[in-house]
Amino acid sequence: MSSLPRRAKVKVQTVVSKDEFSSFSELSSASEEDDKEDSAWEPQKKVPRSRKQPIPKECKPKRVRRVKKTTLQISDGLEGVAVKEELNNSVAVADVDLEDRKNKLDTVQTLKTAKTKRKNSAQSPSGQRTKKLKVDEEGNRTSTMESGHEAAEMPSTSTMWEGACKKEENGDDFTFGQSPLKKMKTETCPQGQPVRLPATATNIKEEVEMNWDIVQVLSERTNIELWVCANIIRLFNDDNTIPFIIRYRKELINNLDADSLREVRQTLEELRAVAKKVHSTIQKIKKEGKMSECLLKALLNCKTFEELEHVSAPYKTGSKGTKAQRAKQLGLEGAARTLLENPGQLNLLSYIKPNVKGLSALQDIETGVQHILADMIAKDKDTLDFIRKLCQNRYICIQSSLAKVSSKKVNEKDVDKFLLYQNFSCNIRNIQHHQILAINRGENLKILTVKVNISDGVKNEFCRWCIQNRWRPRGFARPELMKILHSSLDDSFKRLIYPLLCREFRAKLTSDAEKESVMMFGRNLRQLLLTSPVPGRTLMGVDPGYKHGCKLAIISPTSQILHTDVVYLHCGQGFREAEKIKRLLLNFNCSTVVIGNGTACRETEAYFADLIMKNYFAPLDVVYCIVSEAGASIYSVSPEANKEMPGLDPNLRSAVSIARRVQDPLAELVKIEPKHIGVGMYQHDVSQTLLKATLDSVVEECVSFVGVDINICSEVLLRHIAGLNANRAKNIIEWREKNGPFVNREQLKKVKGLGPKSFQQCAGFIRINQDYIRTFCSSQQTESAGQIQGVAVTSSAGVEVTNEKQGKKKSKTAVNVVLKPNPLDQTCIHPESYDIAMRFLSFIRGTLYEIGKPEMEQKINSFLEKEGIEKIAESLQTTVHTLQVIIDGLSQPESFDFRTDFDKPDFKRSIVCLEDLQVGTVLTGKVENATLFGIFVDIGVGRSGLIPIRNVTEAKLSKTKKRRSLGLGPGERVEVQVLNIDIPRSRITLDLIRVL
C-alpha cells in the first residue's frame with residue numbers, strides 16, 4: 001500500500017500534462033512521452049534534469065485547478081491497470097519527485113477529491129471498461145502496451161519502448177523550445193533500430209480488440225519490421241503527416257520512402273475497417289440473441305472482409321438460414337457432435353420422426369448431420385489455415401474466356417479489346433496486375449467469364465488431412481458413419497470452402513492490382529509535379545483548335561497575363577495570322593511557344609515548326625514545346641479559375657494554364673484535381689476513395705518538399721502544405737492581407753485555426769524569403785514590432801489559461817523572437833531543431849548571415865571531413881538524420897529548388913512524321929505515361945511509342961533512376977530504338993537504350 005500515494009501523484013501530474021497538450025506549440029506527443037520515459041528507464045538522471053528546467057511558480061495553482069477538472073475521467077482507474085493507462089498520456093514535464101515536493105499539499109487534496117468522486121461513479125465492469133477506453137482514446141489513441149518487468153508501478157510499454165530507443169544525456173541542451181523527440185528516440189541508434197526492444201514492445205492497444213495483433217498482421221502484410229510498424233502506427237495516430245514523418249522522423253521509420261509509408265497506412269486503415277465491421281456485426285448478432293462462444297471466436301479471428309462475410313452470412317437479417325442452421329433447428333447438432341466425439345454411442349435411427357419434415361427418413365437425418373459437419377469444418381480456423389497454406393504451395397490458376405451471351409449485348413469493338421483474354425489462363429502467383437484489372441473490366445462488361453481453378457490434388461490432400469488429423473472421430477466409427485464424414489468433407493469443400501477460397505484469391509489479386517495501379521498513378525503524378533520549372537521567360541501558350549481557332553495567351557516571367565488573343569491557323573488564313581503572331585512575339589520579346597497536346601495539336605505544331613525553319617520570327621530565336629493539356633478545360637470553368645482570372649473567356653484561360661504549366665508546373669497543376677491530369681492506368685476501375693487519398697497525399701508531399709514562400713504563394717498552393725487545409729490556408733492569406741508579410745515562422749501561431757499540431761506539421765515546409773522581408777518590410781518594422789509585442793503578451797496570457805509550460809513559453813517570448821526575422825526560416829530546418837542548428841553553427845564558427853553562401857558550405861565540408869557526421873551528431877545529442885537536414889538547410893542557396901535536378905520540357909524547332917520512321921531508327925523522346933505493362937514515350941511524331949515493360953531492365957536505368965518498379969516517370973528523357981511500326985493501327989514499339 002505504500003506505493004499507492006506515489007502512483008496517485010504520478011497520475012495527477014499525468015492528467016495535467018494531458019490537458020496541457022492542446023496548447024503545446026512545438027512538441028509532438030511522441031516527444032512528450034519521451035520525457036516521461038526518463039523517469040521509467042533512467043531514474044538516476046531525473047534530479048539534475050529537473051533542476052535545470054524549473055517550473056515557474058505561477059503555474060502551480062493552475063495545475064491543481066486543471067487536475068480537479070479532469071479527476072472524473074481518472075477516478076475509475078485509480079487502482080490497478082488504469083494507472084498504467086493514464087501514464088500513457090504523459091507529456092514532457094519536470095521531474096516527478098521535484099514536482100511532488102513543490103505541490104505536495106495540492107496533490108494530497110486532489111487525491112482526496114479523486115477518491116470522493118470515485119465512490120459516486122458507476123461500479124459496473126462495463127462502465128469502468130467504457131471509461132478506460134475513453135481515456136485511452138483521448139489521451140493516446142494507441143500505444144498502450146504491457147511489460148512484464150514491473151507490475152505494481154508499470155509505465156505504458158509505448159513509453160518503455162521509446163525509452164529503449166534512446167540514451168538521455170543532459171537536460172540543459174533543450175532550450176529555445178527545442179523538441180526532444182528526435183534526440184531521444186534513437187540517439188544511440190542513428191538508423192532507427194532500437195537498442196533494446198522489450199518482448200511486448202509492439203503490442204499496441206487498438207480501440208477495437210481482436211484476437212490478432214494489429215502490429216503483427218501489419219508487419220506480415222507489408223513485409224516491414226515489427227518495431228517500424230509500431231512506430232508508424234503511433235506517428236499516424238498522433239496526426240503526423242507523411243511529409244513531416246519522411247523529413248523529420250526518418251529514423252523512426254527506418255528510412256522508408258513515402259510510397260511505402262502510404263502503403264502501410266492503407267493496410268492499417270483496411271485492418272481497422274475490418275475490426276470495426278467485425279464489432280458492429282457482433283453487436284448486431286448479440287442483439288438478435290444468436291451469439292455463441294464459438295461464433296464470437298470465429299468473428300474475432302477474421303482479418304479480411306471475405307472471412308467476415310463467410311462467417312456472418314448465415315446470421316444476416318432476412319436470410320432464410322443455411323442448410324446447417326435448418327438441420328440444427330431440427331435438433332441434429334447433438335448427433336453431429338456425437339459422431340465426432342463418441343461415434344460408438346450414436347444411433348441415427350432414434351432421431352427419426354415420421355411426421356416431421358427433415359426427420360422422416362434415415363436419409364434425411366444423414367443429410368442433416370452432413371450439413372452440420374460441413375458447416376463446422378468450413379468455419380474452423382485451423383482447417384481454413386491448413387487449406388490456405390496448402391494452396392500457397394500448389395498450382396492455382398485463374399482462367400478467363402469469352403462469355404456466351406456477350407455478342408448479343410456488347411459492341412464488337414469492345415469485344416475485340418479483350419482478344420488477349422478470351423482464352424486466357426495463368427498461375428495466380430505469376431499473373432500481372434494490369435492483367436487482373438483487364439480481366440475484371442471484361443467481366444464487369446459481361447464480355448468475359450472468370451473462374452479460379454483449384455486442382456483435385458488439393459482437395460484430396462485436404463480431405464486426407466481432415467480424416468487423419470483435425471476431424472478424426474475419437475473412437476471407432478462404423479462404416480456408415482465414416483461415409484457421412486467423408487460426404488461432409490466433400491460437401492464442405494465443394495459448397496463452402498472452394499467458393500470462399502475463390503473469393504479470397506480474387507479479392508487479394510484485385511486489391512493488390514488496384515493498389516499497384518494507384519501507386520503507379522501516384523509515382524507518375526509525382527514525376528509530373530516535380531518537372532523542372534522554366535522561370536524567367538516570357539511564354540506564349542497556345543490552346544489549339546480548328547473551327548473556333550487557336551487561343552493564345554502571353555504571360556510574363558512572374559505569371560502575369562500580358563495579352564490574350566485568338567488566331568485561325570487552319571481555316572485558310574494561316575499566312576495572315578502569321579503576321580499577328582510575329583508582331584505579338586516581337587512586342588513582348590517572347591521566344592518560347594507552348595502548345596497544348598489536344599485537338600489540332602500536330603497541325604499547330606507543324607505550322608510553328610515551318611515558320612521557325614524559315615526563320616520567320618527573326619531576330620527572335622523561337623523554340624516550341626508540347627505540353628499535356630489534360631485537365632485544363634475542367635480548370636478553366638472552375639470557381640478557382642473564375643476567381644483568379646475574372647472576366648476572361650474560359651477558352652483563353654486554358655491557354656494561360658497551358659503556358660503556366662511550363663513556367664511552374666507544380667503551382668499550376670495543383671489547381672486541377674489529380675485524377676484529371678491523365679497519367680494513370682485503369683483509374684476508373686480502382687477504388688475512387690483510395691485513388692483520391694493517394695493522389696492528394698502525393699500532391700501534399702510534392703508541395704511540402706518543394707516548399708512555399710508564405711508571403712507570395714497562392715492560397716491554392718498553400719492548402720496542400722502538410723498540416724494545412726483550405727480553411728487554414730484561407731486564414732493565413734487573410735492574416736497576411738490584414739497584418740502585412742510574415743516576418744518569421746513564429747507568427748504563424750497567431751493565425752486563427754492554426755494550433756500547435758498544425759504548426760508543427762507545416763512549419764518546416766514554409767519559407768520566409770529574407771530579401772523580401774528586408775526590402776518590403778523595413779519601413780513597417782517599428783510598427784510591426786509594436787503590434788507583435790502586444791500580441792506576444794496576449795499569447796503569454798493565453799498560455800496561462802491553457803496551462804502550457806511557462807518556462808518554455810517564456811523562453812520563446814521573453815526575448816521577443818517574433819520581433820525580428822530569423823534567417824533559418826528560409827531553410828528546410830524545422831523550428832524544433834533551431835537550437836541544434838545554432839550549436840552546430842558555433843561548432844563550425846559560422847553565422848546566420850552566411851546561410852546558403854559558398855563560405856558556409858566550405859566550413860561545413862571541412863568540419864565534416866575532420867570530425868565525421870556521426871561524431872558531430874553524438875556531440876550535439878541528436879540523430880544523423882536531423883543533422884543532415886540541418887546541414888542541407890544551411891548549405892543550400894537561398895533560392896534552392898530541388899526540381900532543377902529533374903527534366904525540363906523538350907524544346908524543339910522541327911517535326912518528324914510517323915511515315916518518316918524506320919525500324920532501327922534511334923530517337924530521343926520524353927516519357928508521357930508509365931503503366932504496369934510498359935512506358936509510353938512521346939518521340940515527336942504525333943503518336944506515342946510503347947516500350948514493353950520487359951525491355952525496361954535494371955541495367956538500362958542509371959543508378960539515380962533505379963526504383964522498386966523499375967519504372968520511368970512522366971517527363972524523363974530517354975533514348976530509344978524503333979523495333980516495330982504498325983501504321984494501320986498507329987502503333988510504335990520501342991526498345992529502351994538508356995535514360996538521358
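The model shown is predicted, which means the values in this text are computed figures rather than measured ones.

Cut-offs used in this document
- Residues numbered from 1 in each chain as written.
- Predicted model: local features only at pLDDT ≥ 70, side-chain atom pairs only at ≥ 80, totals over all residues.
- Heavy atoms only, no water.
- Helix = DSSP H or I, 4+ residues; strand = E, 2+ residues; numbered from the N terminus.
- Contact = heavy atoms within 4.5 Å.
- Areas by Shrake-Rupley, 256 points an atom, 1.4 Å probe, with all protein chains shown as cover.
- Salt bridge = Lys/Arg side-chain N within 4 Å of Asp/Glu carboxyl O.
- Buried < 20%, exposed > 50% of the residue type's maximum accessible area, 1.4 Å probe, protein only.
- Pairing = 2+ DSSP bridges.
- Axes fitted to C-alpha atoms, helices over the stretch in contact; angles between N-to-C directions.
- Polar contact = N/O pair within 3.5 Å; in protein donor to acceptor, adjacent residues only side chain to side chain.
- Left-handed = near helix turned anticlockwise from the far one by under 90°.
- Nonpolar A, V, L, I, M, F, W, Y, C, P; charged D, E, K, R; others polar.
- Expected span 1.5 Å × (residues − 1).
- Bend = angle between axes of the 7 residues up to and from the residue.
- Parallel < 35°, antiparallel > 145°, perpendicular 65-115°, else oblique.
- Phe/Tyr/Trp six-rings, centres within 6.5 Å; stacked < 30°, edge-to-face > 60°.
- Lys NZ or Arg CZ within 6 Å of the ring centre and 35° of its normal.

**Q** Just give me the short version of the overall build of the protein, but keep the residues and values in it.
**A** Looking only at helices and strands, the protein has 42 helices and 15 strands in total. Summarising the internal contacts of the protein: among those between residues at least 6 apart in sequence, 73% fall at separations of at least 24. Only carbon and sulfur atoms are counted for the fraction: they give 52% of the accessible area of the protein, which is about 45400 Å².

**Q** How would you sum up the pattern of salt bridges? Please name residues and give values.
**A** This structure, assessed with the given rule, holds 41 salt bridges. For R262, the salt bridge identified is with E701, shortest N-O distance 2.8 Å. Of this pair, R262 sits in helix α14 (residues 258–287) while E701 sits in helix α32 (residues 688–706), placing them 439 residues apart in sequence. R262 sits in the buried class, given a relative accessible area of 1%. Between R388 and E307 there is a salt bridge, with its nearest N and O atoms 4.0 Å apart. Of this pair, R388 sits in helix α20 (residues 381–392) while E307 sits in helix α16 (residues 305–312), and the two are 81 residues apart along the sequence. One salt-bridge network, in which partners are shared between bridges, spans E307, K381, D385, R388 and E504.

**Q** How would you summarise the sheet that holds strand β5 (residues 550–555) if you had to cite specific residues and measurements?
**A** The five strands lie next to each other as β6-β5-β4-β7-β8, forming an open sheet whose pairing is mixed. Edge strands, defined here as strands with exactly one partner in the open sheet, are β6 (561–567) and β8 (623–627). If you compare each strand with its neighbour and ignore which way they point, the axes differ by 20° on average. Judged from the six bridges that link them, β5 and β6 form a sheet pairing that is antiparallel. Bridge pairing in β6 places L552 opposite D565.

**Q** Outline the environment of R470, supporting the account with residue identities and numerical values.
**A** Along the chain, R470 turns up in helix α24 (residues 456–470). Residue classification places R470 among the partly exposed residues on the basis of a relative accessible area of 36%. Setting aside anything within four residues of it in sequence, one finds R470 in contact with D380, D382, T383 and W465. Here the side chain of R470 touches D380 through a polar contact of 2.6 Å, side chain to side chain.

**Q** Go over the sheet that holds strand β3 (residues 448–454), please, and point to the residues and values.
**A** Reading across the sheet, the three strands line up as β2-β1-β3 and stay open at both edges, with antiparallel pairing between neighbours. Because the sheet does not close on itself, it has two edges, and the strands there are β2 (423–427) and β3. Averaged over neighbouring strand pairs, the angle between their axes works out to 15° when direction is ignored. Both strand β1 (residues 396–402) and β3 contribute to a ladder of seven bridges, which runs antiparallel. Residue I396 lies in a different strand from β3, and its bridge partner there is I454.

**Q** Can you lay out the packing of α14 against helix α25 (residues 479–529) for me, pointing to particular residues and giving the numbers?
**A** The relative placement of two packed helices comes down to the angle between their axes together with the axis-to-axis distance. Following both chains from N to C, one finds α14 and α25 inclined at 145°, their axes separated by 11 Å at the closest point. The hand of the α14/α25 crossing is right-handed. Across from A258, D259, R262, E263, Q266, T267 and E270 in α14, the residues of α25 making contact are S511, K515, M519, R523 and R526. Of the residues belonging to the contact of α14 with α25, the class tally is two nonpolar, three polar and seven charged.

**Q** Which residues make up unusual backbone geometry, and what values go with them?
**A** Cis geometry is found at the peptide bond from A618 to P619, where omega equals 10°. Looking at where P619 falls in the secondary structure, it is placed in the loop between α27 (601–613) and β8. Even without glycine at this site, K446 takes up a positive phi of about 65°. Here K446 is to be found in the loop between α23 (433–444) and β3. Under the relative-accessibility criterion, K446 is labelled exposed at 54%. Of note, the phi angle at Q877 is positive, near 55°, even though the residue is not glycine. Note on placement: Q877 falls in the loop between α41 (869–875) and α42 (880–891). For Q877, a relative accessible area of 11% corresponds to the buried category.

**Q** Describe α14, naming the residues involved and giving the relevant values.
**A** Think of an α-helix as turning once every 3.6 residues; residues three or four places apart then point the same way. For α14, built from 30 residues, the straight-helix expectation of 44 Å at 1.5 Å per residue is met to within 8% by its first-to-last C-alpha distance of 43 Å. Positioned one or two residues after α14, G289 has a phi angle of 75°, which is positive.

**Q** Give a description of the environment of K483 that names residues and reports values.
**A** The residue K483 is located in helix α25 in this model. Separated by 117 residues in the primary sequence, K483 and E366 place their C-alpha atoms 9.7 Å from one another.

**Q** Before we move on, can you summarise α25 with the specific residues and values?
**A** Along its 51 residues, α25 runs 72 Å from first to last C-alpha, staying within 8% of the 75 Å computed at 1.5 Å per residue. Along its length, α25 reaches its greatest deviation from straightness, about 40°, at F493.

**Q** Provide a residue-level description of the packing of helix α18 (residues 333–341) against helix α19 (residues 362–379), including the pertinent values.
**A** Interaxial distance between α18 and α19 falls to 9 Å at its minimum, and their mutual angle equals 70°. When the axis of α18 is compared with that of α19, the two are roughly perpendicular. Along this stretch, α18 crosses α19, giving a crossing that reads as right-handed. Residues E333, A335, A336, R337, L339 and L340 of α18 touch α19, and the partners they reach there are V369, I372, L373 and M376. Of the residues in the contact of α18 with α19, the class split is eight nonpolar, no polar and two charged.

**Q** Could you give an account of the packing of aromatic side chains, naming the residues involved and the relevant values?
**A** Across all of its chains, the model carries 12 aromatic pairs by this definition. Ring geometry for F843 versus F863: centroids 6.3 Å apart, planes at 55°, classification tilted. With F843 in helix α39 (residues 834–844) and F863 in helix α40 (residues 854–867), the pair connects residues that are 20 residues apart, well separated along the chain. You can call F843 partly exposed: its relative accessible area is 32%. Aromatic ring contacts, followed pair by pair, group F244, Y248, F705 and F765 into a single cluster. Above the face of the Y616 ring, K582 is positioned so that its terminal group lies 5.1 Å from the ring centre. The ring of F759 is capped by K749, whose NZ or CZ atom sits 4.8 Å from the centre of that ring.

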